[in-house]
Amino acid sequence: MSRPASRPATSPLPPRPATFSVNTQTKVLDTVAGRILCLADIRGRISGLNELAEEAKANAIIHTGDFGFFENSSLDRIPDRTLRHLIQYSPLIPTNQRNSLLLPDASPASIRDTIISSPVPLLSEFPQLLSGSIKLSVPVYTVWGACEDVAILEKFRGGQYEVVNLNVLDEATTRCLDVGGIKLRLFGLGGALVPHKMFDNGDGQATIAGGQGTMWTTALQIGELVDTAQRVFDQTETRLLVTHAAPGRDGLIAQLALVLKADLTISAGLHFRYASSYNEFSVQSDLEGFRHKLVVGKAAFDKVWENVKPQVDAVIDENQRLLLDKALAVIERIPPIAGPNTTGLSSGEESAWKNCWNWNLCDAANGSLVLDIKNGRVSAELKSQGFNYAYRRTATPSTTAPTPQSTTSALPPPQAKTPTPAPAASPSIRSNGTPVHGDFSAPSPVNPTSSRPESANGSRGTPTASDSARERHQAKKQQKKERERERKKEEKERERADKDSVARDETEVTELAHEAQPSTSTAPAGQDAEPMSPADGGNVTGIRTPTGPPRRQRNPWTLFMKLPGPCTETEVREFFLTAKEGIIAVKFPQNNFGRSRVAFVEFGDEEAMKDGLNKHAEKLKDQVIHISIADDRERDRPSDRGGFGNRGRGRGGYASRAVAQAGLVRGGGPSRRYENGDTGSRPVGETPNQS
């Protein structure tokens, strides 16, 4: 556990008076109905509270931390790193000035001088609130957050600071709101939950902790909050726990809600662009999932507690011991494993598992929650600015490939940041689906075909439901047209590629016929079995580009055999009896319908091939098999036009593709070089003048 070596693990609590009473008050807002605005992370822009309350027609405000408890003297207690963090997220600093203050070459002294000498507040409007220049129009109930000055909170707790309508909820202070037919009891726990600091008070006194511009939760703080809740317990009240840490992520906060018997919780600390609303039953598959979260929180606490227990026991007094025991009871509060009973419900099932409702808020600049309470019912209005996905429409054709489902539409105004490319057509290209944290103002709807009609005075009309429906209808029509256009385009490309393939294959067959003449040397067949792309020097405009592995060197000692039907390599090898020892490969060419009914058998040398030609079985699968040297067969039958046994489709190229896939060599005549770089050769045993 990291803490200053000069400080004990905890600060001694002053003895509690015998007549100790809880700091509690009941505030009557409106006995008929009322609206409570819930916010997070106002970050010093305190004047904005009045604006938001007026906009929401709220009778009160609940705030979950990072209120902005800073004044000019706080700068002396804030280190440079924390100060830069506050500057980066302060809503009071204009963008240009913020960028200037955060420049790498900006010295810490100049940054502090700028903040102090500024005529307008840059970190927080709290000094104006304290002086009365800013007044709160409705009651505000807040806890402190992770970035606050603990010295200011101690002054509130000691009575030195007091602001009209500002109520700081802490472990010893609670408030009850009589509104809309219910009594809403507010409990508050401020500070970040940092397990290894739960026994370190920092610069805080008594039970709260903080220092260097940050604040965190302590074990004694949790214990005293439990003690306060037990003292004011009333079954007629509805209990609301306000925390800066989120019970959805921190099991210890969820355990605290169980012990306090909270009906509702409101938290922050995650800084999402959307607020969330849930109960544990809605996000956990079963009670065991909820228990697991609590067990993990308990394990994190126990790991720290085992290390510091001897030091804590040595310094705490009797009052602190009572509070520590209550905090340890919270850590042990884990629902038992439930079992079924005759009622269909789980025996001993934790009621909060289904009945406690939780809200985690986004920052005040991005959204809010309004609790509308009337006739005892607590309704919720959740508002979030959300993510801006308009950047995905700024992709250009140079950075992304179209898909059949893509549409062409008008783009929103370009963003200041560089847009992230939209997903490409290829499934191997990963798109960046992470929302961009740039300008998160909601984009106006864009109609790709028409602009919104103007009103009589010339101003743009407000979009209506019919406008939105019309735009969606136009978008669907546009998408349908684009898909149809893409489909027709692909069909034309396939037809053009097929025509090119037919022409090329017929040319190959004609060449093969000429090569069959004794005085004409032959070129390697099958080399151009597939249409070449323009880059390869072909004359086609098609889309098929050979992508297979490089062709292996042709084997001149190859026999051709026509099969009676589908055969395995083992069956072919066994057909050659004793000559099978010389076989090095058996190849079954593929055609458009799968494996063709021919095979090319490669041998290691000329002698092995001759053995295979002379020493083989007569029949395979009860049919007589004809065996010949592969090149001789092509020379003897130049007019097959693409089929063995007239099984071709009349397009030509069937035989040449089969030979090409087998990696064979056509022979006849002297060697000559072809445009693809290969060199022709003569068949085995053939002389230049052989007919």
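Here, the structure is the one placed above.
Everything quoted here is computed from the prediction, not taken from an experiment.

One open sheet accounts for 4 strands, arranged β19-β22-β18-β25; its pairing is antiparallel. The strands lining the two open edges of the sheet, one partner per strand, are β19 (583-587) and β25 (627-629). Neighbour-to-neighbour, the strand axes of the sheet open up by a mean angle of 25°, direction not taken into account. As paired strands, β19 and strand β22 (residues 598-603) are joined by 4 bridges and run antiparallel to one another. From the neighbouring strand, K587 faces β22, where its bridge partner is F600.

Counting across every chain of the model gives 15 aromatic pairs. Measuring from centroid to centroid gives 5.5 Å for F575 and F576, while their planes differ by 85°, and the two rings are edge-to-face. In this structure F576 comes out as buried when scored by relative accessible area, which is 0%. The cationic tip of K197 hangs over the ring face of W216; the distance from NZ or CZ to the ring centre is 4.1 Å.

Counting 32 residues, the largest nonpolar core has M198, F199, L241, L256, L260, F301 and L324 as the members making the most contacts within it. Those elements that provide at least two residues to this core are β7 (182-189), α7 (219-231), α8 (251-259), α10 (287-315) and α11 (318-331). Broken down by element, this core gets its largest block of residues, 6 residues, from α7. One finds F126, Y161, V168 and V370 within the second-largest nonpolar core, a separate group that totals 30 residues.

Here we come to unusual backbone geometry. The residue D41 is not glycine, and still its phi comes out positive at about 55°. Topologically, D41 is positioned in the loop between β2 (33-39) and α1 (47-56). D41 gets classed as buried once you look at its relative accessible area, which sits at 3%. Even without a glycine there, the phi angle at N375 is positive, about 55°. Within the secondary structure, N375 is located in the loop between β16 (367-374) and β17 (377-384). Taking the relative accessible area as the measure of exposure, N375 reaches 67% and is therefore exposed.

Reading the values: the criteria
- Positions within a chain are numbered from 1, following the residues in the order the chain's sequence is written.
- This being a predicted model, a pLDDT of at least 70 is required before a residue's local features are given, and a value of 80 or more before pairs of side-chain atoms are given or counted; all residues contribute to the totals for chains, interfaces and linings.
- With hydrogens and water excluded, all non-hydrogen atoms of the structure serve as input to the side-chain values.
- Two strands are counted as paired when DSSP detects at least two bridges linking them.
- Counting from the N terminus, the helices are the DSSP runs of H or I reaching at least four residues and the strands are the DSSP runs of E reaching at least two.
- Here an angle of 0 to 180 degrees is reported between the N-to-C directions of two axes, which are lines fitted to C-alpha atoms, with helices fitted over the stretch in contact.
- Note on aromatic contacts: the rings of Phe and Tyr and the six-membered ring of Trp form a pair at centre separations within 6.5 Å, being stacked when their planes are under 30 degrees apart, edge-to-face when over 60 apart, and tilted otherwise.
- Summary of the burial criterion: residues with accessible area below 20% of their type's maximum are buried, those above 50% are exposed, and those between are partly exposed, where the area comes from a 1.4 Å probe applied to protein chains only.
- A ring has a charge above it when a Lys NZ or an Arg CZ is no more than 6 Å from the ring centre and no more than 35 degrees off the ring normal.
- We call a set of buried residues a nonpolar core when its members are Ala, Val, Leu, Ile, Met, Phe, Trp, Tyr or Cys and they connect through side-chain atoms within 4.5 Å of each other.

Distances and angles like these do not, on their own, reveal function.
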